[in-house]
Amino acid sequence: GRGRVIRISILFPRLVRDRFPRAAVATAVLLSLTVPLLMRGASDAAAGVRDGISAGPASGTATVIPIVALLLALAAAWLADGVVSDLKRDGSAPLVLTRPVSRIGYFTARWLAGFACLAGAGLVTALVLNGAARFSGFVGPGLSPVGALGAAAASWLWVGSAVLVLSSLLERGEALAGALLLVLPFVLTGMLAPGNSIARVAAVLPSRTVLDVSRTLLAGDPVIGSHLGRVAAWGAGSVALGLFLAVRREWSASG
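Below, the structure is looked at part by part.

Rules used in this analysis
- Residues numbered from 1 in each chain as written.
- Predicted model: local features only at pLDDT ≥ 70, side-chain atom pairs only at ≥ 80, totals over all residues.
- Heavy atoms only, no water.
- Core = buried A, V, L, I, M, F, W, Y, C linked by side-chain atoms within 4.5 Å.
- Buried < 20%, exposed > 50% of the residue type's maximum accessible area, 1.4 Å probe, protein only.
- Helix = DSSP H or I, 4+ residues; strand = E, 2+ residues; numbered from the N terminus.
- Contact = heavy atoms within 4.5 Å.
- Polar contact = N/O pair within 3.5 Å; in protein donor to acceptor, adjacent residues only side chain to side chain.
- Phe/Tyr/Trp six-rings, centres within 6.5 Å; stacked < 30°, edge-to-face > 60°.
- Axes fitted to C-alpha atoms, helices over the stretch in contact; angles between N-to-C directions.
- Parallel < 35°, antiparallel > 145°, perpendicular 65-115°, else oblique.
- Left-handed = near helix turned anticlockwise from the far one by under 90°.
- Salt bridge = Lys/Arg side-chain N within 4 Å of Asp/Glu carboxyl O.

**Things to note about the nonpolar core**
And then number 1: Tyr-106, Phe-107, Leu-118, Leu-129, Trp-156, Val-159 and Leu-218 are the most contacted members of the largest nonpolar core, which totals 63 residues.
And then number 2: Sorting the residues of this core by element identifies α1 (2-40), α3 (65-79), α6 (103-136), α7 (145-169), α8 (174-191), α10 (207-218) and α11 (225-248) as the ones contributing at least two each.
And then number 3: Setting aside anything within four residues of it in sequence, one finds Leu-218 in contact with Ile-65, Val-68, Ala-69, Gly-142, Leu-143, Ser-144, Gly-147, Ala-148 and Ala-151.

**Side note on the side chain of Arg-110**
And then number 1: Turning to its location among the elements, Arg-110 is positioned in helix α6.
And then number 2: Polar side-chain contacts of Arg-110 include one of 2.6 Å to the backbone oxygen of Val-83.
And then number 3: The contact partners of Arg-110, leaving out residues within four places of it in the chain, are Leu-15, Arg-19, Gly-82, Val-83, Asp-86 and Leu-87.

**Focus: the side chain of Asp-81**
And then number 1: Position of Asp-81 relative to the elements: it lies in the loop between α3 and α4 (85-89).
And then number 2: Apart from residues no more than four positions distant in its own chain, Asp-81 is found in contact with Arg-19, Arg-22, Asp-86, Arg-89, Val-163, Glu-174 and Ala-175.

**Quick notes on the packing of aromatic side chains**
How two aromatic rings sit relative to each other is given by the distance of their centres and the angle of their planes.
And then number 1: Summed over the entire model, instances satisfying the criterion amount to 3 aromatic pairs.
And then number 2: Between Trp-158 and Trp-234, the aromatic rings sit 5.1 Å apart at their centres with planes inclined by 75°, giving edge-to-face as the arrangement. A residue pair is termed long-range when its members are at least 10 positions apart, and Trp-158 in helix α7 and Trp-234 in helix α11 qualify at 76 residues.
And then number 3: Under the relative-accessibility criterion, Trp-158 is labelled buried at 3%.

**Considering the packing of α3 against α6**
And then number 1: The interhelical angle for the contact between α3 and α6, taken along N-to-C directions, is 155°, at an axis separation of 10 Å. The orientation of α3 with respect to α6, classified from their angle, is roughly antiparallel. The way α3 lies across α6 gives a crossing that is right-handed. Contacts from Val-68, Leu-72, Ala-75, Ala-76 and Leu-79 in α3 reach Gly-114, Cys-117, Leu-118, Gly-122, Thr-125 and Leu-129 in α6.

**Re the pattern of salt bridges**
And then number 1: Scanning the model with the defined rule gives 3 salt bridges in all.
And then number 2: In this structure, the salt-bridge partner of Asp-81 is Arg-22, at a minimum N-O distance of 3.3 Å. Here Arg-22 lies in helix α1 and Asp-81 lies in the loop between α3 and α4, a separation of 59 residues in the sequence.
And then number 3: When its relative accessible area of 10% is taken as the criterion, Asp-81 is described as buried.

So this is what it looks like as structure tokens:
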């Protein structure tokens, strides 16, 4: 009821603070890998990330857009780590889940706290890179701050949702498994012969679409509606499954 909603709203800032140290590390990694590249104008480095991850040679802030999109998606896996499984590992579930809040509301709040941190990391990264570009004398449009929030949302809808499902099933290692789901289509395409059935199955995962949407949003360009629809469908389905599994999970000492 309304009382539970109010209690969740009070709890949410603390859940964000719990994830903030990871968000700070993720932001620092993003900037340490992109600002030097931007300052050097080394577009060849970004262009070297092939097979759908890079959009090709570029200049200015466009140089680092493919890298920012990829790193945001990988950061999503780390920030979603432990949303459910942490409670099992540290034994706090029996106490936490007796609070006067619904289980589904609590797990949703934990998951959304991770997204808030990822969105903050994306926004700070975009603003700092725009400042570095102006300092270096690059002309042309910078990264879109609004697009950075959208790219974080796209990454979270797929990677963060997938890790939520894994966190509901596994005791640990869900972040690594989520990152693997992100890169699997690219790895298998590079390793297997064209048309291989395993590679075709892996291509069903929306990794390429998510990274394409993120790059487009970061550049401030309009996104193809069908791509947004695919990302949203995967995300909604994964979130629903993850929350269902989290709520039904056995939390006893022997579970």
